Amino acid sequence: VSGEEKGRTVRFFEMMDGFLKNDPVSLQKDILDHVEFTVARSRFNIDDFEAYQGMAHSVRDRLIERWHDTQQFFKKKDPKRLYYLSLEFLMGRSLSNSIINLGVKDQYMDALNQLGFSFEILAEQEGDAALGNGGLARLSACQMDSLATMDFPAWGYGLRYQYGLFRQVILDGFQHEQPDYWLNFGNPWEIERVHVSYAVKFYGTVEEKHLNGKNCKVWIPGETVEAVAYDNPIPGYGTRNTINLRLWAAKPSGQYDMESFGTGDYINAIIDRQKAETISSVLYPDDRSYQGKELRLKQQYFFVSASVQDIIRRFKDSHSSFDKFHEKVALQLNDTHPSLAIVEVIRVLVDEEHLSWKEAWDIACNIFSYTTHTVVPEGLEKIPVDLLGSLLPRHLQIIYDINFSFTEELKQRFGLDYDRLSRMSIIEEGAVKNIRMANLSIVVCHNVNGVSRAHLDTLKSKVFKDFYELWPQKFHHKTNGITQRRWVVVSNPGLCDLITKWLGTDAWIREVDLLLGLREHVENKELQLEWRTVRRVNKIRLVEFIEAMTGMKVSPDAMFDVQIKRIHEYKRQLLNILGIIHRYDCIKNMKDSERKRVVPRVCIIGGKAAPGYEMAKKIIKLCHSVGEKINSDPDIGDLLKLIFIPDYNVSVAELVIPGSDLSQHISTAGHEASGTGSMKFLINGCLLLATADGSTLEIIDEIGEENMFICGAKIHEVAMMRENGEAPKLPLELVHVLRMVRDGYFGHEEYFKPLCDSIESAGDFYLLGHDFPSYLEAQAAADKAFVDQETWTKMSILSTAGSGKFSSDRTIGDYAAETWGIEPCRCPF
Ligand code: Z15
């Protein structure tokens, strides 16, 4: 840094220094001020929720302060920025994460103690922000944390759904969906920007106009809706940088009032206007099934259009032409859900900024990159041409133009290979014509990323084979990761302190590779003992939670065996449950002497089924019916318990993961693109029982197969069995277990029949039969290892020690260097 530069930085620093004080006395005053003036409750009579609100608002002030400094600093430096577009962000709670990342946790703890409040109780008052479904949505949340912590000049864009993911309520073992009124009690973590709003157009027609000697397309919309910005500050850890997640809410537009109110039907005109808000009202709850719904398409375009307008406005604030646009802007698409952004950028540049097609095209090809999260062709998003044409007539024209040039290029390259042309075309012909959003994204994006090494292999050899042959240089992978801030520092403070103590530094919170240093101490008896103690405390916390949620008392001496994730046939919760029935049946048939050697287990399953996914809902019911039978069997006692944790979400995960001994990741090999739950368990020292799929393959590389329990067919074996159409011969143990279900041992035999049929008469697509024996072997190996607590503890320490690769810091570092071309831009303290 030059002397002059330094001088400026110092003045800058002085300017921002010391606005809000963080000593416990100042914090107390701020909390109480907010209770009195923001929450409007008397400071002499406040309950835990009001105290939470007061505290949250005081934290919010500190976030805003740093947010301003960061945004000003970015503006001054004008670096290349990353814009991360995702329709889903699964943020969970913010209080604890914020004070830890701001570095003011101890001060707040003191302040609260002096006021007579417990931080843990206040933190429990907060509900989850659940603006997403599962892995893809939590991934974007983890990546935002890493982007902020690593000082990247990044923005997130998303939708501010009024209803997040549904609440799961279990009645008589069946899942019911309830709305998630997450905004009802106010949201201190967002800043409403009434003045940051854009008009978003829908429907209407396209007209050809002659302007300045050029032919122009003018889109005359049939409906206009206003997008209003809500900013959610994302604080980095160990840095002043606080980046922005901007979520859009739909409001009626003021622009066309004269027309609708001109008819004199005032009341109906108001009611009509209000309908605009439905666009951002509700998150679609099915991950990876696309139904071609108009509202969903409206959501996608609404969010994309507002974001693109905002990005272009910000760029134009400091640039007078688009020459440098691609040097200043990178746009990342989280799956194809925001891929209309590609078309929107071209439309705005050509129709509104009057660039040539070639200029606009070159810009789009330079700025966009895309991550795919799916393994199967059915997982690819399609939009009916008619639907898109009526909602976005100009965009359909542009898509056809792109496709025309693309197919011309294909013909040049491959000749008139019509099979190939029809496979690769952006338009899918057929009874219903569809737009293949993945094809559109691959054609334009300079970079297509898979989420694990195995996933990239599948993309190259199957899902995007044709495209890989055409553009091999576009295809890469960035193995997913999770943030150690939320998944250890926030959720497992005991383990966090222990790791820091043994590494002699807390630097691993920013440089996760330092965890490797734990390997040196793995034989140390003192560490082993402390490790077990911390894990034991976490288990007891989980025991209390289970009792509060389900009324069941379980013993912390048992092995806690956990499978928590969305319910999906390919994730094979059914394999888990059938394994539990087998275990139950074995115990029932044991002599007393044999029972003494059984390792007691508490099996825990949690997860939501998409509301329309019948098989997944049956799996939830089966879990409850089996649990009821086992848990009430006096013959079994503490040897086996089966618990279903209702309404699984981010904050439930934060509590369950640190208290688990064993976790299951048993997708049929080749079906899980990556799987990020396994990484959260791994870093918390929970052992994995897993199939060789997605990211577990890379976990094996890092910690060694000897520290995990691996089972099931390998990816190539699955492919071979399916190709050969091998008649599945089911193992006898499995046939026996299915017999019990069919015979009504757990009741509801009619309702469960399709589950049994999927294995016994529908070809067992997910290969439960094939994998059952090796699954049971892996379970037996886990039992055996658990008996020897010292070995188990070492495996646990080695799991944490080897988890560094699976930090989202590593993922984001790779994206920054290899895909986005962005550099850190660190706001001075
Ligand atoms: C989703 O959560 C994932 C993939 C999808 O195609 C959709 Cl629509 C939702 C998950 C993958 O199933 C999981 O393997 C991966 O770890 C995660 O995305 C993040 O990449």
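These numbers come from a predicted model, not from an experiment.

Q: Can you walk me through the sheet that holds strand β4 (residues 154–159) in this structure?
A: Paired through backbone hydrogen bonds, the strands of a sheet run either parallel or antiparallel to each other. The strand order β7-β10-β11-β4-β1-β12-β13-β17-β18 describes an open sheet built from 9 strands, whose pairing is mixed. Single-partner strands in this sheet number two, and they are β7 (191–202) and β18 (475–477). Pairs of neighbouring strands in the sheet enclose a mean axial angle of 25 degrees, with direction left out of account. As paired elements, strand β12 (residues 329–334) and strand β13 (residues 368–371) share 4 bridges and run parallel to each other. When the sheet's bridge partners are listed, N334 is paired in β13 with T371.

Q: How do you make sense of the nonpolar core when you look at a structure like this?
A: General note: in soluble globular proteins, nonpolar side chains tend to be found buried as a group. Core analysis: the largest hydrophobic core is formed by 225 residues, its most contacted members being Y83, F302 and I342. In this structure, Y83 is in contact with W155, Y157, I311, V329, A330, L331 and Q332, ignoring residues within four places of it in sequence.

Q: Whenever I open this one, the site of the ligand confuses me. Can you help?
A: In the region of the ligand, 19 residues are neighbours, and G135, L136, R288, H373 and S674 sit closest. Lining the shell around the ligand are residues from two domains, each supplying at least three of them: domain 2 (80–93 + 131–165 + 174–251 + 261–384 + 437–478) and domain 3 (505–803).

Q: Mind showing me how you'd approach the UniProt feature "modified residue: N6-(pyridoxal phosphate)lysine" (unreviewed entry) in the protein here?
A: Under the UniProt annotation, "modified residue: N6-(pyridoxal phosphate)lysine" (unreviewed entry) lies at K680. Relative to the elements of secondary structure, K680 occurs in helix α27 (residues 677–683). If sequence neighbours within four positions are ignored, K680 has contacts with I482, W487, A653 and I657.

Q: Is there a simple way to think about the pairing of β12 in this case?
A: The side chains of a regular strand alternate, first on one face of the sheet and then on the other. The element β12 is largely enclosed, with a buried count of 6 among its 6 residues. Residues V329, L331 and L333 line one face of β12 and the alternating positions A330, Q332 and N334 line the opposite face, and both faces are buried. For strand β1 (residues 81–85) and β12, the ladder comprises 5 bridges, and the chain directions are parallel. Bridge pairing links L85 to L333 in β12.

Q: Would you mind going over the environment of I581 with me for this structure?
A: Following the sequence through the fold, I581 ends up in helix α23 (residues 573–588). Along the sequence, I581 and C216 sit 365 residues apart, while their C-alpha atoms lie 68 Å from each other. Ignoring sequence-local partners within four residues, the contact set of I581 consists of V626, V737 and M740.

Q: What should I look at first to understand the packing of helix α25 (residues 614–631) against helix α31 (residues 749–760) in this one?
A: The angle between the axes and the distance between the axes are what describe a pair of packed helices. Running from N to C, α25 and α31 point in directions that differ by 115 degrees, and their axes come no closer than 10 Å. For the pair α25 and α31, the crossing hand works out as left-handed. Along its contact with α25, which presents M615, K618, I619, K621 and L622, the element α31 presents Y751, F752, P754 and L755. Of the residues assigned to the contact of α25 with α31, the class counts are 7 nonpolar, no polar and 2 charged.

Analysis parameters
- Residues numbered from 1 in each chain as written.
- Predicted model: local features only at pLDDT ≥ 70, side-chain atom pairs only at ≥ 80, totals over all residues.
- Pairing = 2+ DSSP bridges.
- Helix = DSSP H or I, 4+ residues; strand = E, 2+ residues; numbered from the N terminus.
- Axes fitted to C-alpha atoms, helices over the stretch in contact; angles between N-to-C directions.
- Core = buried A, V, L, I, M, F, W, Y, C linked by C-beta atoms within 7 Å.
- Buried ≥ 20, exposed ≤ 12 C-beta atoms within 10 Å, placed from the backbone.
- Contact = placed C-beta atoms within 7 Å.
- Near = placed C-beta within 6 Å.
- Domains from an automatic or database assignment.
- UniProt positions renumbered as here; feature names shortened; annotations may be inferred.
- Left-handed = near helix turned anticlockwise from the far one by under 90°.
- Nonpolar A, V, L, I, M, F, W, Y, C, P; charged D, E, K, R; others polar.

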